[in-house]
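Below are the chains, spelled out letter by letter.
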There are 2 protein chains.
Amino acid sequence: MFANTPEPPYYAVIFTSHKSGHEGYDETSERMLELARTRDGFLGIESARGDDGVGITVSYWRDLDSIARWKADGEHRTAQQRGRTEWYSRYVTRVCKVERAYEFSA
Amino acid sequence: MFANTPEPPYYAVIFTSHKSGHEGYDETSERMLELARTRDGFLGIESARGDDGVGITVSYWRDLDSIARWKADGEHRTAQQRGRTEWYSRYVTRVCKVERAYEFSA
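Throughout what follows, the structure given in this document is the object of discussion.

About the thresholds
- Residues numbered from 1 in each chain as written.
- Chains lettered and ligands numbered in written order.
- Predicted model: local features only at pLDDT ≥ 70, side-chain atom pairs only at ≥ 80, totals over all residues.
- Heavy atoms only, no water.
- Buried < 20%, exposed > 50% of the residue type's maximum accessible area, 1.4 Å probe, protein only.
- Helix = DSSP H or I, 4+ residues; strand = E, 2+ residues; numbered from the N terminus.
- Pairing = 2+ DSSP bridges.
- Salt bridge = Lys/Arg side-chain N within 4 Å of Asp/Glu carboxyl O.

### Side note on the pairing of strand S3 (residues 54–61) of chain A
Residue and element names in this part refer to chain A.
- Across the 8 residues that make up S3, a large majority, 7, are buried.
- Pairing geometry for strand S1 (residues 10–19) and S3, over 8 bridges, is antiparallel. Note that in S3 the partner of Phe15 across the bridge is Thr57.
- Bridging between strand S2 (residues 42–49) and S3 involves 7 bridges; their strand directions are antiparallel. Note that in S3 the partner of Arg49 across the bridge is Gly55.
- Connecting S2 to the antiparallel partner S3 that follows it, the hairpin turn spans 4 residues, and Gly53 within it adopts a positive phi of roughly 90°.

### Observations concerning the pattern of salt bridges
- Evaluated as defined, the whole model comprises 18 salt bridges over all chains.
- In this structure, the salt-bridge partner of Arg39 of chain A is Asp73 of chain A, at a minimum N-O distance of 2.3 Å. Within this pair, whereas Arg39 of chain A is found in the loop between helix H1 (25–37) and S2, its partner Asp73 of chain A is found in the loop between helix H2 (64–72) and helix H3 (74–87), the two being separated by 34 residues in sequence.
- Overall, the relative accessible area of 27% leaves Arg39 of chain A in the partly exposed class.
- Notably, a salt bridge pairs Arg31 of chain B with Glu75 of chain B, separated by 2.7 Å at the nearest N-O pair. Residue Arg31 of chain B is located in helix H1 (residues 25–37), and its partner Glu75 of chain B is located in helix H3 (residues 74–87); the two are separated by 44 residues in the primary sequence.
- Note on Arg31 of chain B: relative accessible area 31%, which makes it partly exposed.

Purely spatial values, then, with no claim about function.
Dropping the structure here:
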């Protein structure tokens, strides 16, 4: 899944996680994606998880305001809380400004 | 695999790819990692690839100069060329400035 982002600058949230719990994860993950897509400033998302349980999800946003609003969203906050207690043994979130982007397509 | 990055600001290169070829990939990937680790300004790397062939690799760097030097490295350029002709059907590279980072550990 590739995100169709516009020309930079825009923002990226890199979420690297190690998942150890699974119950209810897929439904919540699906629901969060569905919600995020409706948010002002959401540009797209890319995600991959390997067999070792380590996953990287990168969501793209127009600006820091739209990231802050999404972080503070009520339903999303509940999901974040479940993430800490039920699903993730560890995660790192990095907020970045995308300065350049280039693409290759065969 | 989590990267032990310092306090922001620093830089991230987000490499999202769809891999369709495999021959020689693992050896080259391993060798590039080994090389990158020796480079001035290299801070760490995180990588995940799912069963759908889509992978995300994020490498972290001190500054834009160290990213530019790594991009221009001779052995790395040869690997990039093989990537385009042999392994990847598509990829997007995004160069970003990491402005904030926060971590959770259970």
